[in-house]
Amino acid sequence: MYKQTIITMLLALVTMAGLAQNPKTVTIKGYSPALKDSTVAECLIDMIRVASDTVQAGRFTMTVPVEELTHSYLFLEGEGCPNYLMTLYLAPDATVSLSGADCFFPTWKVDSPLPEQTTANRITEHIHDALTELLQLDLENVPWERQDSVYMVMMKQQLEVLPSLPIDMAVMDALEDVANYTRNKPEYPYREQLRAVEKDIAAHAPKGFEDKLAYIHSLVYPPHVLQPGEEAVDADFFDMQGNAHHLAEVRGKYVLLDFWSLGCGPCRMAEPEMRWVHGLTQGLLEIVGINLDKPSAWQEDEWSKKLVWQNWSDGKMGKGGVNIQYCDNSAVPYYVLLSPDHHVMWKSAGYAPGMFLGMAAAINGPKQDNSANLSFVVRQVEANDKATSVSFRYYGRNNAWFRIASSSYLTANGKKYKVTGAGGITLDTEIYPNLKATAVNDGIMSTLHFTDFTLTFEPFDTMPATFDYKEGDGEGAFVIRNISIQ
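Residues numbered from 1 in each chain as written. Predicted model: local features only at pLDDT ≥ 70, side-chain atom pairs only at ≥ 80, totals over all residues. Heavy atoms only, no water.

Undergrad: Which residues make up the state of the cysteines, and what values do they have?
TA: Evaluation of the coordinates by the stated rule reveals 1 disulfide. Between the sulfur of Cys264 and that of Cys267 lies a disulfide, 2.4 Å long from S to S. Residues Cys264 and Cys267 share a disulfide whose torsion about the S-S bond is about 85 degrees; that sign makes it right-handed. Judged on exposure class, the residue Cys264 and its partner Cys267 are both buried. Looking at the unpaired Cys103, the closest cysteine sulfur is the one in Cys81, lying at 4.4 Å. (Disulfide = S-S within 2.5 Å. Buried < 20%, exposed > 50% of the residue type's maximum accessible area, 1.4 Å probe, protein only.)

See below:
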C-alpha cells in the first residue's frame, strides 16, 4: 500500500509538471486585406494585454493562455482602425478565426466552435448597421455627444434581440453593457423594456450566473450615487498583502480616492503628477487607490507594486463594489476628493495634466471649490471698500493655451461685480503657461507649467463671507465657487 501510494504521488507530480510545461491555450487568427502591416493586434483579458502580434500581409495570429471559458477583447491599433474593443469568447484548445474586407474589425465574421461566440455573432448581425455607423463616427473623431444617439440605437437593438437568444455568457455580457450604459441616464427612453428583459432573463437563467445577475440588477435599479456635499461611505478593503483596511483610517485629512485599472492608459499617465502632489501635501492629503481589476492580477503587477500611496481593493473588480456608490459612470480613472470630515468635495472622470497641482494649490490656499476646472485656482484674496483683488494660478501644458474673458465677474450678495483690470495677462488673448511647475525634465511632468495673474473687480457693497468667480456667461467659462474672503 505504501509503495503504491508513493508511485501514485510520483505520477501525479509528473502529470502536474507536464501541465505546467503545456499550459492551456487558444489561437486567434485574423485577416483583412485592408490592414496595414504596421497594425498591432492585441488580446485583452480583464483589460490586461495577454497577447499581441504585428500584422503582416493583412494577417495576425495570437496564442492566448486560458484555463476556462473566458470573455476577452480584441483591439487593433493602426491606420484606419477605430478606437474600439471587440468581444471574443475563448476556451482551451479552440481556434477563433476572424475575417473582414475592411478595418472595422468589430463587424468582422468570427468562426468559432464556442456557442457563446455564436450568440455574440447573432447580436453583432442584429446591430450591424448601427455599429458600422458608430465606428465611422469614431474614426472621424466626432464628439461623443453626437455619437451617443447612435450608441443608444445600438443598445436598443441589443435589447430587442436578447430575448430570442440562449441565455449564456454572451447574453449576460450584452445585458450588462446595456444596463451599464443606462445607469446614469435618468431620461433613458427604453428603461421599462430593459427592466422587462432583465426580469425575464433572470427568471430563466441557468445556475452559475447569480453574481452576474445581482450586478446587472444593481445597474438596472442603481443605488444612490454620492454627490458633493454628502457624507462619504466606508467599505471593506484589503491591500496587496491581504491586510484589511477602512477609509476611517484616513479620517481627518483630505482624501483623494483614485478608482483605477491596470489597463487604463490615463491612470498611468496621471501617476507622476499624483506622486509629486502626494509629496507636496504630506500631512494634509492622503491618496487611496482603489483598484478595479482581478485581485490576483493587481497584486502581481510590478507597476502596481511601485505606487507610494495607499493601494487597496474591495475585491469586487468594479462590479457592484464601492465604486458604484461614488462614481457616476464606469470610466477610469475616476477621482473623488473627500474633506477632512469625510464629505464629498468634488468628483472627476478622466485625467487632465495639471489638475492635481491645482487641487494641491486649492488645499493649501483659501477655501474654494475649483472642481469645475481643477487646473484653475485662487491663491489670494484682498478686498476693501475700493476694489477686490483676486490672485489666480492656471496649470497646464506649456503648448496648450487658455484665455480669460473681459466679461469675467464676481457674484455675492445677489449682485455681479465686474472686472476692472488685469495684471500679468492680457484679457481676451491666448495665454500659454510660461513657468515650469516642477524641476522634472522628462515625461509629462516636464511639460507642466503655470501662469500667475491678478484680476481686479468692483468693490463689494457689503463684505461677504464667500463669493463666486465666473469668467462670463459663455459655454465652458471658468468657474470657482465659494471662495473665502479670509
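Undergrad: Mind laying out the packing of helix α4 (residues 144–161) against helix α6 (residues 191–204), listing which residues take part and the relevant values?
TA: Put simply, α4 and α6 touch, their axes get as near as 10 Å, and they point 35 degrees apart. Taken as a pair, α4 and α6 cross one another with a handedness that is left-handed. Facing α4, whose interface residues are Lys156, Leu159 and Glu160, α6 presents Gln193, Leu194 and Val197. Of the residues contributing to the contact of α4 with α6, the split by class is 3 nonpolar, 1 polar and 2 charged. (Axes fitted to C-alpha atoms, helices over the stretch in contact; angles between N-to-C directions. Helix = DSSP H or I, 4+ residues; strand = E, 2+ residues; numbered from the N terminus. Left-handed = near helix turned anticlockwise from the far one by under 90°. Contact = heavy atoms within 4.5 Å. Nonpolar A, V, L, I, M, F, W, Y, C, P; charged D, E, K, R; others polar.)

Undergrad: A description of the nonpolar core should follow, citing residues and the corresponding values.
TA: The biggest cluster of nonpolar side chains holds 37 residues, and the ones touching the most others in it are Met154, Leu162 and Ile201. Contributions of two or more residues to this core are made by α3 (128–139), α4, α5 (169–182), α6 and α7 (210–220). Filtering out sequence-adjacent residues up to four positions away, Met154 remains in contact with Tyr84, Ile127, Ala130, Leu131 and Leu134. (Core = buried A, V, L, I, M, F, W, Y, C linked by side-chain atoms within 4.5 Å.)

Undergrad: Got a sec to walk through the confidence of the model for the protein? Specific residues and values, please.
TA: In this model, the protein carries an average pLDDT of 92, and 95% of its residues clear a pLDDT of 70 or more. Contacts of residues 1–20 to residues separated by more than four positions or lying in other chains number 0 contacts, the stretch itself having pLDDT below 50. (pLDDT = per-residue confidence, 0-100.)

Undergrad: Describe in detail empty space enclosed by the protein, supporting the description with residues and values.
TA: Under the counting rule described, the total for this entry stands at 1 cavity of 30 Å³ or more. If you trace the largest cavity, you find it lined by Asp258, Trp260, Cys267, Glu271, Trp303, Leu307 and Trp309. Contributing elements (two or more residues each) for the lining of the largest cavity: β11 (254–260) and α8 (265–280). Here the residues of the lining of the largest cavity sort into 5 nonpolar, no polar and 2 charged. (1 Å grid on protein atoms, 1.4 Å probe; cavity = no way out; pocket = protein on both sides within 12 Å on 5 of 7 lines; lining within 4 Å. Points joined across faces, edges and corners; volume = space filled by probe spheres on them.)

Undergrad: Hey, could you go over the packing of α3 against α4 for me, with residue numbers and the actual values?
TA: One way to put it is that α3 packs onto α4 with a least axis distance of 9 Å and a crossing angle of 155 degrees. Looking at the two axes, α3 sits roughly antiparallel to α4. The handedness of the crossing between α3 and α4 is left-handed. Judged by residue contacts, Ala130, Leu131, Glu133, Leu134, Leu137 and Asp138 of α3 engage Gln147, Val150, Tyr151, Val153, Met154 and Gln157 from α4. Among the residues forming the contact of α3 with α4, the class breakdown is 8 nonpolar, 2 polar and 2 charged. (Parallel < 35°, antiparallel > 145°, perpendicular 65-115°, else oblique.)

Undergrad: Give me the lowdown on the packing of aromatic side chains, citing residues and values where you can.
TA: Counted under the stated rule, the structure contains 24 aromatic pairs. Plain terms: the ring middles of Phe259 and Tyr326 are 6.2 Å apart, the flat faces sit at 40 degrees to each other, and that makes the pair tilted. In this pair, Phe259 sits in strand β11 while Tyr326 sits in helix α11 (residues 323–326), placing the two residues 67 residues apart along the sequence. Within the aromatic cluster, the residues linked to one another by ring pairs are Phe376, Phe392, Tyr394, Phe402, Phe453, Phe457, Tyr469 and Phe478. The ring of Tyr31 carries Arg59 above its face, with NZ or CZ at 4.2 Å from the centroid. In this structure, Arg268 packs its charged tip against the face of Trp303, placed 4.6 Å from the ring centre. (Phe/Tyr/Trp six-rings, centres within 6.5 Å; stacked < 30°, edge-to-face > 60°. Lys NZ or Arg CZ within 6 Å of the ring centre and 35° of its normal.)

Undergrad: Now, about the pattern of salt bridges: what can you tell me, with residues and values included?
TA: Going through the model one piece at a time under the given rule, you end up with 18 salt bridges. Between Asp148 and Lys185 there is a salt bridge, with its nearest N and O atoms 3.2 Å apart. Of this pair, Asp148 sits in helix α4 while Lys185 sits in the loop between α5 and α6; the two residues are 37 residues apart in sequence, bridging distant segments of the chain. For Asp148, a relative accessible area of 15% puts it in the buried group. Taking relative accessible area as the criterion, Lys185 reaches 23% and is therefore assigned partly exposed. Put simply, Asp173, Glu176, Lys212 and Lys319 are held in one network by salt bridges that share partners. (Salt bridge = Lys/Arg side-chain N within 4 Å of Asp/Glu carboxyl O.)

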